[in-house]
Amino acid sequence: VAIPALVLLTGGLIVFFTLSNTRRTMEDFGWALFREATKESINETRNIIREAIPDIETLGNLWRKNLFSRDMNWQARYFTELLRSHREYSWVSFGDERGTFSGAYRPDTAGAPPRLNVSWLNNGRTVSYDYEVLPNGQQKLYKFEPDTGYDPRKRPFYQLAQKAGKRVWTPPYIFYEQAVPGITCSLPVYTGSRLEGVFSIDFDLNALSDIVARARVSQRGVVFIYTENGEILGHPTMKVVAKTGQRAEGRILTVSDIQDENIKAFFAALRQDQKDSPNGSGETSRNFHVKIQGDRFLASYSRFAID
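These numbers were taken from a predicted model, which means no experiment stands behind them. (Residues numbered from 1 in each chain as written. Predicted model: local features only at pLDDT ≥ 70, side-chain atom pairs only at ≥ 80, totals over all residues. Heavy atoms only, no water.)

### Observations concerning the overall build of the protein
Part 1 of the argument: Secondary structure summary: the protein contains 6 helices and 15 strands in total.
Part 2 of the argument: Here the protein has a C-alpha radius of gyration of 26 Å; the compact-globule value for 307 residues is 19 Å, and the former is much larger.
Part 3 of the argument: Dimensions along the principal axes, computed over C-alpha positions, put the protein at roughly 100 × 40 × 35 Å.
Part 4 of the argument: Here the protein holds 307 residues, and the buried ones make up 44% of them.
Part 5 of the argument: Across the protein, the fraction of contacts at a sequence separation of at least 24, relative to all contacts at a separation of at least 6, is 46%.
Part 6 of the argument: Looking at the protein as shown, the accessible area adds up to about 17400 Å², and 52% of this sits on carbon and sulfur atoms. (Helix = DSSP H or I, 4+ residues; strand = E, 2+ residues; numbered from the N terminus. Rg over C-alpha atoms; globule rule 2.2 N^0.38 Å. Buried < 20%, exposed > 50% of the residue type's maximum accessible area, 1.4 Å probe, protein only. Contact = heavy atoms within 4.5 Å. Areas by Shrake-Rupley, 256 points an atom, 1.4 Å probe, with all protein chains shown as cover.)

### Some words on the pairing of strand E8 (residues 181-191)
Part 1 of the argument: Along E8, 9 of the 11 residues are buried, which leaves the element largely enclosed by surrounding structure.
Part 2 of the argument: With 2 bridges joining them, strand E6 (residues 168-169) and E8 adopt antiparallel strand pairing. Along E8, the bridge assignment pairs Trp169 with Cys185.
Part 3 of the argument: Here strand E7 (residues 173-174) pairs with E8 via 2 bridges, running antiparallel. Looking at E8, one finds that Tyr173 is bridged to Gly182. (Pairing = 2+ DSSP bridges.)

### Side note on unusual backbone geometry
Part 1 of the argument: Look at Asn123: it is not a glycine, yet its phi comes out positive at around 55 degrees.
Part 2 of the argument: Look at Asn123 and you get exposed, because its relative accessible area is 77%.

### Points about the nonpolar core
Part 1 of the argument: The biggest cluster of nonpolar side chains holds 61 residues, and the ones touching the most others in it are Phe79, Val92, Trp169, Phe199, Phe203, Phe266 and Phe288.
Part 2 of the argument: The dominant element in this core, judged by the number of residues it contributes, is helix H6 (residues 261-276), at 6 residues.
Part 3 of the argument: Discounting chain neighbours no more than four positions away, the residues touching Trp169 are Ile49, Ala52, Ile53, Leu160, Ile183, Thr184, Cys185, Phe203, Ile306 and Asp307.
Part 4 of the argument: Residues Trp91, Tyr150, Tyr173 and Phe175 belong to the second largest nonpolar core, which totals 13 residues. (Core = buried A, V, L, I, M, F, W, Y, C linked by side-chain atoms within 4.5 Å.)

### Re the environment of Tyr78
Part 1 of the argument: Tracing the sequence through the fold places Tyr78 in helix H3 (residues 72-85).
Part 2 of the argument: Sequence-wise, Tyr78 and Val92 are 14 residues apart; in three dimensions their C-alpha atoms are separated by 9.3 Å.
Part 3 of the argument: Setting aside residues no more than four positions away along its own chain, Tyr78 makes contact with Leu59, Leu62 and Phe68.

### Concerning the side chain of Ser186
Part 1 of the argument: Assignment of secondary structure puts Ser186 in strand E8.
Part 2 of the argument: Looking at Ser186, the relative accessible area reads 0%, which means it is buried.
Part 3 of the argument: Within the structure, Ser186 has its side chain in polar contact with the backbone oxygen of Phe157 (distance 3.0 Å).
Part 4 of the argument: If sequence neighbours within four positions are ignored, Ser186 has contacts with Ile56, Phe157, Ala161, Lys166, Arg167, Val168, Val198, Phe199 and Ser200. (Polar contact = N/O pair within 3.5 Å; in protein donor to acceptor, adjacent residues only side chain to side chain.)

### With respect to the side chain of Ser128
Part 1 of the argument: Note on placement: Ser128 falls in strand E4 (residues 125-133).
Part 2 of the argument: Every residue in contact with Ser128, bar those within four places of it in the chain, is listed here: Asn117, Val118, Ser119, Lys143, Phe144, Glu145 and Thr148.

### What about the pattern of salt bridges?
Part 1 of the argument: By the definition in use, this model includes 11 salt bridges.
Part 2 of the argument: Across the pair Glu81 and Arg84 runs a salt bridge, and its minimum N-O distance is 3.3 Å. Taken together, the residues Glu81 and Arg84, both in helix H3 and 3 residues apart, mark about one turn of the helix.
Part 3 of the argument: A relative accessible area of 47% means that Glu81 is categorised as partly exposed.
Part 4 of the argument: Between Arg286 and Asp273 there is a salt bridge, and its shortest N-O distance comes to 2.3 Å. Of this pair, Arg286 sits in strand E14 (residues 285-292) while Asp273 sits in helix H6, and the two are 13 residues apart along the sequence. (Salt bridge = Lys/Arg side-chain N within 4 Å of Asp/Glu carboxyl O.)

### Describing the packing of aromatic side chains
Centre-to-centre distance and the angle between the planes together describe a pair of aromatic rings.
Part 1 of the argument: Scanning the model with the defined rule gives 26 aromatic pairs in all.
Part 2 of the argument: Relative to Trp74, the ring of Phe68 lies with its centre 5.3 Å away and its plane at 85 degrees, an arrangement referred to as edge-to-face.
Part 3 of the argument: Residue class for Phe68 comes out buried when judged on its relative accessible area of 2%.
Part 4 of the argument: Ring plane angle 45 degrees and centroid distance 4.7 Å describe the contact between Tyr129 and Phe144, whose orientation is recorded as tilted. Of this pair, Tyr129 sits in strand E4 while Phe144 is found in strand E5 (residues 139-145), placing the two residues 15 residues apart along the sequence. (Phe/Tyr/Trp six-rings, centres within 6.5 Å; stacked < 30°, edge-to-face > 60°.)

Here it is as structure tokens:
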């Protein structure tokens, strides 16, 4: 009786410790995959967006040294060249204190040439011209509007730069006309203490969905990007903007809008894990577990800043 019992006890302990070690090893392997996928996504996101910093500072320096032409068409053509060299930029523009605006943008249609936009206020109306930039450099009128209602001075990128008096990044917002989520790097320029205008470089955040779609950690795993206040900025399969009308009318979806049970479970487990841990909400990265329909999942997050 003693020997079989001893054999069963010893065998049971061996199996128990083997399974425990195997589970720990597999979890460690999972966390390592998470760290690699997260690091890759963060670096790619940061590298793309931070390209705007030297470019917008160069624009500001050219303006301050009177090397940047005040001619709107010249400005728009210059901005087009920046678009050509940075495929991630969706707009490069300048708006001034009179409400005059010049910019170059990348159309939604794949393969379409870049376009220029110049607009100004005339008797309370915004007169706007759009031109296609053909491969030979010539411009072709694409669209004329007698009143678009657009005033750069009323847009988030302009007002934030005006208030800060230095280079700023906007929180995510909906781009005018395009109804896509974006962020803008903007820089005010002055003559003495008088504000002359604001340079801006826009990023369409749909590019972030492409980044996280490439970051695969497993067959059932998903990587997504969100802000501190719960706005979903990048997801491999889900549209992150709900369009509510024309032009800038739309909003970025938040966690409370999402019907995906996996994401809801992720945030519920994260909040509970942070509540249970001292200083949990202030950590830059964290690993935790999520229960979804009885199955146990690994989850993690990493917080990162752009500028």
